[in-house]
Amino acid sequence: MNKQKLPYLDWGPILSYQRYITMLIGGRGIGKSYGCKKVIIKDFLKNGNQFIWLRRYKEEKKIAKDGFFTDVKEAFPGHVFTTKGNDAYIDGKLAGVFFALSQVGSSKGSVKLQKPRTLVFDEYIVEVETCGANGYFYKEGNMLLNFTETFSRTRNDFRLFILANNTSITNPLYDMFNISFKVGEIGKRVLPEIYVEQLETPEELKKMKDQTNLGKVMKKYAKDLYDYNVNNKALYGSDSKIAKVPIGAHQYMNIIDKNMVIYIYMKRDEMSRNKVFYAGLKGQKDFRLRYTFDLEQASDDVIFVDKTNLSLPIRDLANVYKRGRLFFENQQVKSLLDERLKKYL
């Protein structure tokens, strides 16, 4: 089936905002990466502008560059598309380079490119439930912007595209840009330099997916996966366990992570007398019990914890979390603690 005839994402309205950073979050197969490839190929053929295609880890980079042009070359008959090493060529000319954020120390590609204009960070949001060691980097937003500067320098027409499947409604860049969406929300946020959109799957494409055997199975037996693939609802985001710290709860400890202080409160259930914990964003900053999961943020006053060094309060927190008695002030706090605590269960 020819991709050009399918109802995929229209990049025209997106590009009309002309923002330095464009961030698109959407369901699988709606044309984010495919449409982006068409944009950068057209820019190269018309203006000679080159691209940088970025993934987080070198293993992901290899997957991205192998067959990079396969799905899009039919849209450009008469042109020759090849890749060699970490370079992409169109009609024998260098059109772009492939990088992994984990290898930013060796940015030799910046020397190769004479007219870099577009950096694309594809598959940006990690699947929190399955990422294992391949999660976000510490201060990843700063890391990405610093890498971008390697290529953009003083070019005002440079642009950064960030593409992702909607596996989670929180991520480090949303935190950095102070952007949030509700679970299942379709919409956009337009800032002076930044455009962010939670994309809606085109109705025609929804109908086509519904008619496939896989679509029918997911809709019947895996509704969360169906909503993720078809309706662009975050796969690992929900409004469950979101609650404010109640009156009468007392501060139990602080967790310092990703330059954020999370205040853990405890209150016993009135009926069962079981401990119930609440993770909030307000409290006594210099509380006597302070912990971190990040060794770089450890100090004499902040204790580093890992699987081999679990203090009693952290074990207590993990046990309460496992029993569904840990509540979070918002999705940002929930996502961070979900990611950390799952490693200790």
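Residues numbered from 1 in each chain as written. Predicted model: local features only at pLDDT ≥ 70, side-chain atom pairs only at ≥ 80, totals over all residues. Heavy atoms only, no water.

K.L.:
Before we go on, may I ask you to explain the overall build of the protein in this structure?
P.N.:
Check the secondary structure of the protein and you find 11 helices and 15 strands. Each principal axis of the C-alpha distribution contributes one length, and for the protein these read about 75 × 50 × 35 Å. Scored against the burial criterion, the 345 residues of the protein give a buried share of 50%. In the protein, the proportion of contacts linking residues at least 24 apart, taken out of those at least 6 apart, comes to 66%. The distance from the centre of the 57 positive side-chain charges to the centre of the 40 negative ones in the protein is 2 Å. (Helix = DSSP H or I, 4+ residues; strand = E, 2+ residues; numbered from the N terminus. Buried < 20%, exposed > 50% of the residue type's maximum accessible area, 1.4 Å probe, protein only. Contact = heavy atoms within 4.5 Å. Lys, Arg positive; Asp, Glu negative; His and termini not counted. Charge placed at Lys NZ, Arg CZ, Asp CG, Glu CD.)

K.L.:
How should I be thinking about the pattern of salt bridges in this particular structure?
P.N.:
Where side chains of opposite charge bring their charged atoms close, a pairing between them can arise. Tallying each qualifying case throughout the model produces 14 salt bridges. Here E329 and K244 are joined by a salt bridge, their closest N and O atoms 3.8 Å apart. Note that E329 is positioned in the loop between strand 15 (326-328) and helix 11 (331-341) and K244 in the loop between helix 9 (223-231) and strand 10 (250-257), a separation of 85 residues in sequence. For K244, a relative accessible area of 58% puts it in the exposed group. Residues joined in a network through salt bridges with shared partners are D43, R117 and R159. (Salt bridge = Lys/Arg side-chain N within 4 Å of Asp/Glu carboxyl O.)

K.L.:
I keep staring at helix 9 and nothing clicks. Help me out?
P.N.:
Every α-helical turn comprises 3.6 residues, leaving residues that sit three or four positions apart pointing alike. Taken together, the buried positions of helix 9 are Y226, D227, Y228, N229 and V230. Contact partners of the buried residues in helix 9: strand 7 (159-165), helix 7 (203-210) and helix 8 (213-221).

K.L.:
Is there a simple way to explain the packing of aromatic side chains in this structure?
P.N.:
Any pair of aromatic rings gets described here by the distance separating the centres and the angle formed by the planes. Scanning all chains against the criterion turns up 17 aromatic pairs. Consider the rings of Y57 and F137, whose centres lie 5.2 Å apart with planes at 45°: the pair is tilted. Of this pair, Y57 sits in the loop between strand 2 (50-55) and helix 3 (58-65) while F137 sits in the loop between strand 6 (116-121) and helix 5 (140-152), and the two are 80 residues apart along the sequence. Its relative accessible area of 11% is what places Y57 among the buried residues. Look at Y278 and F327: their rings are 5.6 Å apart centre to centre, the planes differ by 20°, and that puts the pair in the stacked class. Within this pair, whereas Y278 is found in strand 12 (residues 275-280), its partner F327 is found in strand 15, the two being separated by 49 residues in sequence. Given the relative accessible area of 14%, Y278 is considered buried. When the ring centre of F181 is taken as origin, the NZ or CZ atom of R189, which lies over that ring, is 4.0 Å away. (Phe/Tyr/Trp six-rings, centres within 6.5 Å; stacked < 30°, edge-to-face > 60°. Lys NZ or Arg CZ within 6 Å of the ring centre and 35° of its normal.)

K.L.:
For this particular structure, what's the right way to read the sheet that holds strand 12?
P.N.:
Pairing between the strands of a sheet comes from backbone hydrogen bonds, and it takes one of two forms, parallel or antiparallel. Sheet architecture is open: 6 strands sit in the order 14-13-10-11-12-15, paired in mixed fashion. Of all strands in the sheet, those with a lone pairing partner are strand 14 (303-304) and strand 15, marking the two edges. Note that strand 10 and strand 13 (residues 290-292) share 2 bridges and pair parallel. Considered in strand 13, the bridge of I255 is made with Y291. Lying on the sheet, helix 10 (residues 312-322) is in contact with strand 10, strand 11 (260-268), strand 12, strand 13 and strand 15; it crosses strand 10 at an angle near 95°. In the packing of helix 11 onto the sheet, contacts are made with strand 10, strand 11, strand 12 and strand 15, and the angle to strand 11 comes to roughly 85°. (Pairing = 2+ DSSP bridges. Axes fitted to C-alpha atoms, helices over the stretch in contact; angles between N-to-C directions.)

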